Amino acid sequence: AALKGQLDAKLFGQHLAKDVVLKAVMGFSNNPSPKKPLTLSLHGWAGTGKNFLSQILAEHVHSPGLRSKFVHLFLATLHFPHHDQIKLYKEQLQNWIRGNVSACPHSVFIFDEMDKMHPGLIDAIKPFLDYYEQVDGVSYRKAIFIFLSNAGGDLINKAALDFWISGKQREEIQLKDLEPMLSVGVFNNKNSGLWHSSLIDRNLIDYFVPFLPLEHKHVKMCIRAEMTARGYAPDEEVVQAVADEMTFFPKEQKIFSDKGCKTVQAKLDIHED
């Protein structure tokens, strides 16, 4: 209930992601002996809420969230920058995960910028995601792994636009409309971090979670939420002014925000006065 409340209050325009993640996490949390760790791959354009959702999820498992020593965030460009060091990164990654799960079986691992991850690197963690009771005496079955990626965002955006053109509500989009296309698209995309990955091949990713592009109304919800978080009542004139500064696509119809809610905070700073 607490997780649902947080998602309802803070994550806008993502009925699919909310639904899938809630069900996945509840099922996993309520299972006393899961057969494998929970593995989620979140896909969509920047600013649609992938980071946001993973932080809320981390706080649900360990209340300090990203500040917890049991929640680990990897950034591809920061932690694995050099292509010629892949062998070393693979060893470091395995040792790091092994050490942390030994210390806390309920560890959470978040891999951001998956689309900038060197091909093949993520396969180093395959043994930990598989259906093994233990690997070298350590059980990984209660850990959670979350991948965040812009890869597949173009496929999701196209599907959302097709729905809009055909006069359907975005809330009618179902997981089955997107997930098969997403897993194949990411598997065949050289810049996805999961290109020809054994994680997909062996069906080790439990859910591919699509984040839809955000419409005007969702951007306004983000602006109001940011104002409330700053401690003052939302002013609709300011909300409209900030929304008007955002850019939308496609060029003619201008339906979807091309940066999601990513620049809301910076744009609101200018209107603070």
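Just so it is clear, the model here is predicted, and its values are computed rather than measured.

Parameters at a glance
- Residues take numbers from 1 onward in each chain, read along the sequence in its written order.
- Since the coordinates come from a predicted model, pLDDT governs what is reported: local features require at least 70, and pairs of side-chain atoms require 80 or more to be given and counted, while whole-chain, interface and lining totals use all residues.
- Side-chain numbers come from the whole structure's heavy atoms, not from hydrogens or water.
- Salt bridge, as applied in this entry: a Lys or Arg side-chain nitrogen positioned within 4 Å of an Asp or Glu carboxyl oxygen.
- Starting at the N terminus, helices and strands are each numbered in turn, a helix being any DSSP run of H or I of at least four residues and a strand any DSSP run of E of at least two.
- Each residue is placed in one exposure class: buried if its accessible area under a 1.4 Å probe, protein chains only, is under 20% of its type's maximum, exposed if it is over 50%, and partly exposed if it falls in between.
- Disulfide: a pair of cysteine sulfur atoms within 2.5 Å of each other.
- The rule for pairing is simple: two strands pair if DSSP sees at least two bridges between them.
- For helices, the axis comes from a line fit to the C-alpha atoms of the stretch in contact; other axes are also lines fit to C-alpha atoms, and the angle between any two N-to-C directions lies between 0 and 180 degrees.
- Roughly parallel here means an angle under 35 degrees, roughly antiparallel means over 145, roughly perpendicular means 65 to 115, and every remaining angle is called oblique.
- Note on convention: the crossing is left-handed when the near helix lies turned anticlockwise from the far helix by less than a right angle, right-handed when the turn is clockwise.
- Contacts were defined at the residue level, with two residues in contact if any of their heavy atoms lie within 4.5 Å.
- Residue polarity follows a fixed list, in which Ala, Val, Leu, Ile, Met, Phe, Trp, Tyr, Cys and Pro are nonpolar, Asp, Glu, Lys and Arg are charged, and the others, Gly among them, are polar.

Visitor: How do you make sense of the pattern of salt bridges when you look at a structure like this?
Guide: Between side chains of opposite charge, a pair can form when the charged atoms approach closely. This structure, assessed with the given rule, holds 13 salt bridges. Its salt-bridge partner being Asp 206, residue Lys 36 comes within 3.1 Å of it at the nearest N-O pair. Within this pair, whereas Lys 36 is found in the loop between helix H2 (15-30) and strand S1 (38-43), its partner Asp 206 is found in the loop between helix H9 (198-201) and strand S5 (207-210), the two being separated by 170 residues in sequence. Under the relative-accessibility criterion, Asp 206 is labelled partly exposed at 29%. Between Lys 116 and Asp 115 there is a salt bridge, with the nearest N and O atoms lying 3.7 Å from each other. In the salt-bridge network here, residues are joined through shared partners; they are Lys 4, Asp 8 and Lys 18.

Visitor: Mind showing me how you'd approach the state of the cysteines here?
Guide: In protein chemistry, a disulfide is the covalent bond that joins the sulfur atoms of two cysteines. Counted under the stated rule, the structure contains one disulfide. Disulfide pairing is shown between Cys 222 and Cys 261; the S-S distance is 2.0 Å. Looking along the S-S bond of the Cys 222-Cys 261 disulfide, the torsion reads about 85°, which is the right-handed sense. Of the two residues, Cys 222 is situated in helix H10 (residues 216-229) and Cys 261 in the loop between strand S7 (256-257) and helix H12 (264-271); the sequence distance between them amounts to 39 residues. Judged by its relative accessible area of 14%, Cys 222 falls in the buried class. Taking the relative accessible area as the measure of exposure, Cys 261 reaches 13% and is therefore buried.

Visitor: Before we go on, may I ask you to explain the sheet that holds strand S4 (residues 144-149) in this structure?
Guide: Through backbone hydrogen bonds, the strands of a sheet pair up, either in parallel or in antiparallel fashion. Here we have five strands laid out as an open sheet, ordered S2-S3-S4-S1-S5, and parallel in their pairing. Looking at which strands have only one partner, the edges of the open sheet turn out to be strand S2 (71-75) and S5. Here the strands of the sheet are splayed against their neighbours by 15° on average, with no regard to which way each runs. In this sheet, strand S3 (residues 108-112) lies alongside S2 in parallel orientation, the contact comprising five bridges.

Visitor: Even after reading the chapter, I still don't get the packing of helix H1 (residues 2-10) against helix H3 (residues 50-61), so can you show me in this structure?
Guide: The relative placement of two packed helices is expressed as an angle between their axes plus a distance between the axes. In the contact formed by H1 and H3, the axes pass within 10 Å of each other and the chain directions differ by 155°. One way to sum up the angle between H1 and H3 is to call them roughly antiparallel. For H1 against H3, the interelement crossing comes out right-handed. Listed contacts from H3 to Leu 3, Gln 6, Leu 7 and Lys 10 of H1 are Phe 52, Leu 53, Ile 56, Leu 57 and His 60. Class assignment for the residues of the contact of H1 with H3 results in six nonpolar, two polar and one charged.

Function cannot be inferred from these measures alone, as they are strictly geometric.
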